[in-house]
Amino acid sequence: MELKGKIAFITGASSGIGFGIALSLQKAGCQVIINSSSKKNLNTAKKKLPGSIAISGDVTCPNQSKE
């Protein structure tokens, strides 16, 4: 499957399997949007994934405040 030019939104992307998936998809040519509820860990992951877009928040909580 050709992934170049596709967009991927990965939750739990600040570490572990989520980060590994984001890294693999980025290497395959995807624009990755990474998500994590931990802002600190998300910022660290973003530095390791240049060009990625980082959005912090808990996807299981629809009523969280917007920053």
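Residues numbered from 1 in each chain as written. Predicted model: local features only at pLDDT ≥ 70, side-chain atom pairs only at ≥ 80, totals over all residues. Heavy atoms only, no water.

Asker: Can you walk me through the overall build of the protein chain in this structure?
Answerer: For the protein chain, the helix and strand inventory stands at two helices and three strands. Secondary structure elements of the protein chain, listed N to C terminal, follow the sequence β-α-β-α-β. For 67 residues, the compact-globule estimate of 2.2 N^0.38 gives 11 Å, and the C-alpha radius of gyration of the protein chain, at 12 Å, lies within 12% of that figure. Projecting the C-alpha coordinates of the protein chain onto the three principal axes gives extents of approximately 35 × 20 × 20 Å. Burial statistics for the protein chain: of 67 residues in total, 27% are counted as buried. Long-range pairs, those at least 24 residues apart, make up 37% of the contacts in the protein chain with a sequence separation of at least 6. Of the roughly 4700 Å² of accessible surface on the protein chain, a fraction of 56% belongs to carbon and sulfur atoms. (Helix = DSSP H or I, 4+ residues; strand = E, 2+ residues; numbered from the N terminus. Rg over C-alpha atoms; globule rule 2.2 N^0.38 Å. Buried < 20%, exposed > 50% of the residue type's maximum accessible area, 1.4 Å probe, protein only. Contact = heavy atoms within 4.5 Å. Areas by Shrake-Rupley, 256 points an atom, 1.4 Å probe, with all protein chains shown as cover.)

Asker: Sorry, what's going on with the nonpolar core here?
Answerer: As a rule of thumb, nonpolar side chains are buried together in soluble globular proteins. Counting eleven residues, the largest nonpolar core consists of Ala8, Ile10, Ala13, Phe19, Ala22, Cys30, Val32, Ile34, Leu42, Ala45 and Leu49. Of all elements in the fold, only strand 1 (7-11), helix 1 (16-27), strand 2 (31-36) and helix 2 (39-48) reach the threshold of two or more residues within this core. Look past the residues within four positions of Ile34 in its chain and what remains in contact with it is Ile10, Ala13, Ala22, Leu42, Ala45, Lys46, Leu49, Ser52, Ile53, Ala54 and Ile55. (Core = buried A, V, L, I, M, F, W, Y, C linked by side-chain atoms within 4.5 Å.)

Asker: What's the story with the side chain of Ser14 in this structure? I'm lost.
Answerer: The residue Ser14 is located in the loop between strand 1 and helix 1 in this model. Discounting residues that sit within four places of it in the chain, Ser14 has contacts with Phe19, Asn35, Ser36, Asn41, Leu42 and Ala45.

Asker: I tried to follow the environment of Pro50 on my own but got confused; where do I start?
Answerer: Positionally, Pro50 belongs in the loop between helix 2 and strand 3 (53-56). Pro50 sits in the exposed class, given a relative accessible area of 61%.

Asker: Can you walk me through the sheet that holds strand 2 in this structure?
Answerer: Adjacent strands of a sheet pair through backbone hydrogen bonds, lying either parallel or antiparallel. Strand order in the open sheet formed by three strands is 1-2-3, with parallel pairing between adjacent strands. Only two strands of the sheet have a single partner each, and these edge strands are strand 1 and strand 3. Across this sheet, the average inter-strand angle for adjacent strands is 20 degrees, counted without regard to direction. Both strand 1 and strand 2 contribute to a ladder of five bridges, which runs parallel. When the sheet's bridge partners are listed, Ile7 is paired in strand 2 with Gln31. Contacting strand 1 and strand 2, helix 1 runs over the sheet at an angle of about 170 degrees to strand 1. Along the sheet face, helix 2 touches strand 2 and strand 3 and points at about 175 degrees away from the line of strand 3. (Pairing = 2+ DSSP bridges. Axes fitted to C-alpha atoms, helices over the stretch in contact; angles between N-to-C directions.)

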